[in-house]
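Working through the structure, step by step
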Amino acid sequence: MPVNATLPYDDQNIFARILRGELPCSKVYEDDWALAFHDINPQAPVHILVIPKAPFVSWDDFSARGSDAQIAGFIRAVGTVAREQGLVEPGYRLLANTGPDSLQEVPHFHVHICAGKVLGRMIVSPD
Ligand code: AMP
């Protein structure tokens, strides 16, 4: 069910539970600001999710309420993951679904890092 990005944070969402260690993940990186793990249903040969450790619903929520330190720490973590995974030279795509039209499913802000092949053009419409 797509997320309404204006809803309050639900601390029972699946990524909150991963952050608390209640559910497993295939971790690729962690620091004070972010956790990165493999997407359970990869859409590309490399498909990693990076999530902030603090509770934000969406990109909209994070960009509005995140502190400068949280935002800087998270952005740096995304870049670090991509570098450590060797994605810079071949290239990669960042994606952050936000709200119903994007079909965001998990109401904890996350950035998708997709890579590992030529990814094609930006948007594939369901129409
Ligand atoms: P979004 O549609 O942007 O909210 O993306 C949510 C992503 O989370 C999807 O690509 C799912 O495959 C992924 N996902 C859901 N549950 C898990 C999980 N337990 N571990 C890793 N990825 C997950």
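Residues numbered from 1 in each chain as written. Predicted model: local features only at pLDDT ≥ 70, side-chain atom pairs only at ≥ 80, totals over all residues. Heavy atoms only, no water.

The next point concerns the overall build of the chain. In terms of helices and strands, the chain carries three helices and five strands. Counted from the first residue to the last, the chain has its helices and strands arranged as α-β-β-β-α-α-β-β. Here the chain, with 127 residues, has 38% of them falling under the buried criterion. Element-wise, carbon and sulfur atoms account for 55% of the exposed surface of the chain, whose accessible area totals about 7900 Å². A distance of 5 Å separates the average location of the 10 positive side-chain charges in the chain from that of its 15 negative side-chain charges. (Helix = DSSP H or I, 4+ residues; strand = E, 2+ residues; numbered from the N terminus. Buried < 20%, exposed > 50% of the residue type's maximum accessible area, 1.4 Å probe, protein only. Areas by Shrake-Rupley, 256 points an atom, 1.4 Å probe, with all protein chains shown as cover. Lys, Arg positive; Asp, Glu negative; His and termini not counted. Charge placed at Lys NZ, Arg CZ, Asp CG, Glu CD.)

Glancing now at the pattern of salt bridges. Inspection of every chain in the model, using the stated rule, returns five salt bridges. A salt bridge links R17 to E22; the nearest nitrogen and oxygen atoms lie 3.2 Å apart. By relative accessible area, which is 41% here, E22 ends up partly exposed. When salt bridges that share partners are traced, they join R17, R20 and E22 into one network. (Salt bridge = Lys/Arg side-chain N within 4 Å of Asp/Glu carboxyl O.)

Strand pairing in a sheet takes place through backbone hydrogen bonds and is either antiparallel or parallel in direction. Taking strand neighbours across the sheet as the criterion, the five strands line up as β1-β2-β3-β5-β4 in an open arrangement whose pairing is antiparallel. Only two strands of the sheet have a single neighbouring strand rather than two, namely β1 (27-30) and β4 (92-95). Direction aside, neighbouring strands of the sheet carry axes that sit 20° apart on average. Relative to strand β5 (residues 111-115), β4 is paired through four bridges, and the arrangement is antiparallel. Bridge assignment links L94 to a residue of β5, and that residue is I113. (Pairing = 2+ DSSP bridges. Axes fitted to C-alpha atoms, helices over the stretch in contact; angles between N-to-C directions.)

So far we have only geometry, and geometry alone does not tell us how the molecule works.
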